[in-house]
Amino acid sequence: MKGPAAEVASRAPTPPERPQVVLVGNPNAGKTTLFNALSGSRARVGNYPGITVDVRQARADFAGVGADLLDLPGTYSLASRSAEEEVAVNAALGHGGEGPAAAIVVADATALTRSLYLALELLETGLPLVIALNMIDEVEHSGAVIDAMTLERALGVRVVPIAASKRRGLSELRDAVAKVLTEGTAPPAPDVAYGQLTQNDVETVAALVIEIWPEEAAAPRRSLAWARWALLSLGGDELSDVPLRLREVTAEVRDRATDAGRDLEDELIAPRYALLDTLTADATRQAATRKSRTDKLDAVLLHPVLGLVAFVLVMLVVFQALFSWASPAMNAIGTAIAATQQALAAVLPAGVLADLLTQGVVGGVGNVLVFVPQIALLFLFIGFLEDSGYLARVAFVIDRVMRAVGLHGRAFVPLLSGFACAVPAVMATRTIESRKDRLLAMMALPLMSCSARLPVYVLLITTVFVADRAVLGPISLGSLILFGIYGFSTLASLTAAAVMRRTVLKGERPPLVMELPPYRWPQPGNLLRAVWARVRAFLFDAGTIILAMTIVLWALLSFPKDHALTARFAAQRAEVTSSAQPAAQQEEQIAALNAEEAGAQLRQSAAGRFGRLLEPALEPLGFDWRVGIGLIGAFAAREVFVSTMGTVFGIADADETSAPLRQTLMRARRTDGSLLFTPLSGISLMIFFVFACQCMSTLAIVRRESGSWRWPALLFAYMTGLAYLFSLLVFQVGRALGYT
Amino acid sequence: MELGLLPGTEVEVVRAAPMLDPIELSLRGYRLSIRLAEAALVELSPALELSPSTAGRARLERAA
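Predicted model, so just to flag it, every value in this text is computed and none were measured.

Regarding the overall build of chain B
- The helix and strand tally for chain B stands at 1 helix and 5 strands.
- Sequence-ordered secondary structure for chain B, helices as α and strands as β, is β-β-β-α-β-β.
- Partitioning the intrachain contacts of chain B with sequence separation of at least 6 by distance along the chain shows that 38% fall at a separation of at least 24.
- For chain B, the exposed area adds up to about 2,700 Å²; of that, 54% sits on carbon and sulfur atoms.

Structure (structure tokens):
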């Protein structure tokens, strides 16, 4: 209803912005569960540009006081080294008036001292806060008793025992937050016994903090807190956006202390823990009496032998799921896309527009959607493993092996997923904390032979070898070669990681100091929300790039059109339809003509010409320009190589098991009359596919996850370079040794 | 260090990973995994080597 009333309403002053409340806590403290419980399900996922850290935000009502609730990345302290921690710290502290109005510190009651450490740091900044003592049910179950009142009296803030997963204590928490929001007074400063020398150093840095951010002068507590933050965070960090002056002065102060035989880090942290150790001892009325579920489970899951068996079993299930369980959904998407394309083609008048819509746009949407089943499944598993506590154990069990090539224990699941598809695997590298470790995994895992390479291998093996010839008992030649290729690709991937660790991603390896959280049942709601968040991020960020690339590729493979060719084939078709042959025969001939026309058009398209242009470069590898076109087409996705070869050779509806395509390829000859596909050129081509980054979707997702085009560019360059080099080596050495 | 691995902290070596490295420590009521190379940087009293074979309690003398 657009009327005068609506206009008046839109001119009315906007209501004051809602206050912001941040949720801070250690990883695994149940922050996300509490966020969902407080906000309902209407969360928006914000993404900090460039560093790809997701922060969820939603409106929440605290006993009548409305606020924006922010779920910050988990962190153990305000001292930040990684991008995630930086986001958490900046959002929690802010500069000037930009910070939040209050914080809810989610403390894991089963690890009380460590959880309160973060709360203590926030109290030092003077931010109004409430402590939510989560997992209180687990504490009770263990037989321990924690007295929240003792904590409240000592810290001067409300400490509300809750069990977020059971919705216990939430209304008390809401009331406490509402009170803090309406009063807005800073909590009393905690009485941490820093030494005098330490204080002096902190004040030196604090003076500079005020110089850099003059608005901090208003609250001396905050400038001191920022100074302690700088002393604990800067140096060997991955932070962006830190003023150079602050870095310099901090380093100076720290060096001076070191020269005097002091350890500033120790001097800042130890007094905090000293205070907290006394406090938790006072508040713990009774210690745990029962052996925990985690101890019992770990006795098996981390057992020297049984632990490895369990590890292999869990990983097999994940692998099987990605490899097989996702196929029905992927096939269904493929069928639906094909049906849509047909329906559109039937409705639209034939022409460029129809082709653009069906092959470019609908085809591109298909190229994006086809990844969704694997992404959803992988993140369902990762979410389950992470929330249950087993993902940290995966890293614990396999770290020894991964470390040998410079990878983090947490890189195992992404690397394994790489056998199915690099796109979800690259997304899975988010579970790795350090950016350098994450990039390393991202750069190495696309070398794992993904399932899209399989059709190419199958087509080539069956074309150039007698694939079902038994060589080792029941093992056929084909499966032996396939096995060799998979082994080779794994070796290549691990070697690439080891090399990059020593070159482009050189640097001190971050320590594997990692919490092994207690086992807990994952919350289905949290899992599904996390899966949806990942799928959404893929669709909107990487999906748009994939769609655009599909359209460009389609145009390259379709234009320019040769109108003389079109006219000639139209005339031939008319001849067939007007002939006196039976209808079935006519249809067959028309189909053959269509396939032939598609081949002729493709050969003279931009991609076709580019293929010819590439021929001199491809010849030393044993390929010709037709293979070149196939390689260009395969940039959309590797398996497209098969259908592109079908089109180039004028064979309709070709897949890797199609006999006509295989026979045509077997007979295909170069201009000099020699056979194009020989065992040697076939192996050379397979080696090319092992290495080459023939996948725009991988590039799109690496762009999304790394936050810049630099990394996908490097990925493409090094993989294509290796592909060329190894194919060249195989073909030339093979030929020199007299093989064909 | 901010996880509470400090001088004077009582830690228990719970177990080693199946491939002997890293090891699992228990301190302040929670579990931490740490590589042997990193564990070697901390000193313990009584003179107890942090190694997979020595499960037991110790007090941290000096942190890395």
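More follows now that the structure is in view.
Overview of empty space enclosed by the protein
Residues and elements named next belong to chain A.
- In the structure shown here, the tally under the stated rule is 2 cavities of 30 Å³ or more.
- As a volume, the largest cavity reaches approximately 80 Å³.
- Among the secondary structure elements, those contributing two or more residues to the lining of the largest cavity are helix H4 (112-125) and helix H9 (220-233).
- Grouping the amino acids of the lining of the largest cavity by side-chain chemistry returns 5 nonpolar, 1 polar and 4 charged.
- Of the voids in this model, the second largest cavity is the one considered here, and its volume is about 30 Å³.
- Looking at the second largest cavity, the residues that line it are Leu-391, Val-394, Gly-409, Arg-410, Val-413, Pro-414 and Thr-431.
- Contributions of two or more residues to the lining of the second largest cavity are made by helix H17 (390-403) and helix H18 (412-417).
- Its residues assigned to classes, the lining of the second largest cavity comprises 4 nonpolar, 2 polar and 1 charged.

Remarks on the pattern of salt bridges
Residues and elements named next belong to chain A.
- Counted according to the given criterion, the structure contains 29 salt bridges over all chains.
- One salt bridge connects Arg-114 with Glu-515, and the closest N-O pair in it is separated by 3.0 Å. Within this pair, whereas Arg-114 is found in helix H4, its partner Glu-515 is found in strand S12 (residues 514-515), the two being separated by 401 residues in sequence. The same class applies to Arg-114 and to Glu-515, which are both buried.
- Between Glu-267 and Arg-262 there is a salt bridge, with the nearest N and O atoms lying 3.0 Å from each other.
- Assessed through its relative accessible area of 17%, Arg-262 is described here as buried.

Quick word on the nonpolar core
Residues and elements named next belong to chain A.
- Ranked by internal contacts, the top residues of the largest apolar core, which has 123 residues, are Leu-407, Phe-538, Val-627, Leu-631, Phe-641, Phe-677 and Leu-685.
- Ignoring sequence-local partners within four residues, the contact set of Val-627 consists of Phe-641, Met-645, Leu-676, Phe-677 and Leu-685.
- The next biggest cluster of nonpolar side chains, apart from the first, holds 67 residues, and it includes Val-24, Leu-72, Leu-133 and Leu-208.

Considering the state of the cysteines
Residues and elements named next belong to chain A.
- The final tally for this structure, using the stated rule, is 0 disulfides over all chains.
- Here Cys-450 stays unpaired: no disulfide links it, and the sulfur of Cys-421, its closest cysteine neighbor, is 6.2 Å away.
- Not engaged in a disulfide, the cysteine Cys-695 finds its nearest cysteine sulfur in Cys-693; these two sulfurs lie 6.5 Å apart.
- What makes Cys-695 buried here is its relative accessible area of 8%.

Quick word on the environment of A:Ala193
- Relative to the elements of secondary structure, A:Ala193 occurs in the loop between helix H7 (170-183) and helix H8 (196-212).
- When the C-alpha positions of A:Ala193 and A:Leu268 are compared, they lie 9.3 Å apart, and in sequence the two are 75 residues distant.

Examining the interface of chain A and chain B
- If you look at the interface, chain A gives 39 residues, while chain B gives 24 residues.
- Summed over both sides, the interface between chain A and chain B buries roughly 2,800 Å², with carbon and sulfur atoms accounting for 58% of that surface.
- Considering only the side of chain A, the residues that lose the most area to chain B are A:Tyr273, A:Phe396 and A:Val513, jointly responsible for 19% of the buried surface there.
- Viewed at the interface, chain B and chain A are joined by 4 salt bridges.
- Between B:Asp21 and A:Arg403 there is a salt bridge whose closest N-O contact spans 2.9 Å.
- Along the contact surface separating chain A from chain B lie 7 residue pairs in polar contact (both at pLDDT 80 or more).
- Those elements that place two or more of their residues in the side of chain A that touches chain B are H4, helix H11 (264-283), helix H12 (293-301), H17 and S12 of chain A.
- In terms of strand pairing, S12(A) meets strand S3 (residues 30-34) of chain B through 2 bridges, oriented antiparallel. Within S3(B), the residue paired with A:Glu515 across the bridge is B:Leu32.

Here we look at the pairing of strand S4 (residues 65-71) of chain A
All names here are of chain A.
- Burial within S4 is extensive, with 5 of its 7 residues counted as buried.
- Direction of pairing for strand S1 (residues 20-25) relative to S4: parallel, over a ladder of 4 bridges. What sits directly across from Val-21, in S4, is Leu-69.

As for the packing of aromatic side chains
Residue and element names in this part refer to chain A.
- Counted according to the given criterion, the structure contains 16 aromatic pairs over all chains.
- Centroid distance Tyr-457 to Tyr-486: 6.4 Å. Interplanar angle 80°. Geometry classified as edge-to-face. You can see Tyr-457 sitting in helix H21 (residues 454-464) and its partner Tyr-486 sitting in helix H22 (residues 477-502), a full 29 residues away along the chain. As far as burial versus exposure is concerned, Tyr-457 and Tyr-486 are alike and both buried.

Looking at the confidence of the model for chain B
Residues and elements named next belong to chain B.
- Taken over all residues, the pLDDT of chain B has a mean of 70, while the share at 70 or more is 61%.
- Here strand S5 (residues 56-62) stands out as the least confident element of chain B, with mean pLDDT 51; S3 is the most confident, with 88.
- Under a pLDDT of 50 for its full length, residues 45-55 has, in the predicted model, 23 contacts with residues more than four places off or in other chains.
- Confidence estimates for the predicted assembly give a pTM of 0.81 and an ipTM of 0.82.

Rules used in this analysis
Position numbers for residues start from 1 in each chain and track the written sequence from start to end. Chains carry letters from A onward and ligands carry numbers from 1 onward, assigned in written order. Per-residue local features of the predicted model are confined to residues with pLDDT of at least 70, and side-chain atom pairs are confined, for both listing and counting, to 80 or more; whole-chain, interface and lining totals are unaffected and use all residues. With hydrogens and water set aside, each side-chain value is computed from the structure's full complement of heavy atoms. Helix and strand assignments come from DSSP, with helices taken as H or I runs of at least 4 residues and strands as E runs of at least 2, each series counted from the N terminus. Note on definitions: a residue-residue contact is assigned when non-hydrogen atoms from the two residues lie within 4.5 Å. Accessibility throughout is a Shrake-Rupley quantity obtained with a 1.4 Å probe, and a residue counts as covered only by protein chains that appear here. Put simply, the grid is 1 Å and covers the protein atoms alone, a cavity is a trapped set of points that fit a 1.4 Å probe, a pocket is an open set with protein on both sides within 12 Å along at least five of seven lines, and lining residues have an atom within 4 Å of a point. Grid points are joined across faces, edges and corners, and a volume is the space filled by probe spheres set on the points. All amino acids are sorted into three groups, where Ala, Val, Leu, Ile, Met, Phe, Trp, Tyr, Cys and Pro are nonpolar, Asp, Glu, Lys and Arg are charged, and the leftover types, Gly among them, are polar. Salt-bridge detection follows one rule: a side-chain nitrogen of Lys or Arg within 4 Å of a carboxyl oxygen of Asp or Glu. Only protein chains enter the calculation, and the probe is 1.4 Å; a residue is then buried if its accessible area is under 20% of its type maximum, exposed if over 50%, and partly exposed in between. Throughout this description, the term nonpolar core refers to a set of buried Ala, Val, Leu, Ile, Met, Phe, Trp, Tyr and Cys residues connected via side-chain atoms within 4.5 Å. The disulfide criterion used throughout: a pair of cysteine sulfur atoms within 2.5 Å. Here's the idea: put two parts together, see how much 1.4 Å probe accessible area each one loses, and the total over both is what we call buried area. For this analysis, a polar contact is any N or O atom pair within 3.5 Å, provided that within protein one partner can donate a hydrogen and the other can accept it, and provided that sequence-adjacent residues contribute only side-chain to side-chain pairs. In this scheme, strands are said to pair when DSSP sees at least two bridges between them. Working definition: rings of Phe, Tyr and Trp (its six-membered ring) pair if their centres are within 6.5 Å, and the pair is stacked with planes under 30 degrees apart, edge-to-face with planes over 60 apart, and tilted otherwise. Looking at any residue, its pLDDT shows the predictor's confidence there, from 0 to 100.

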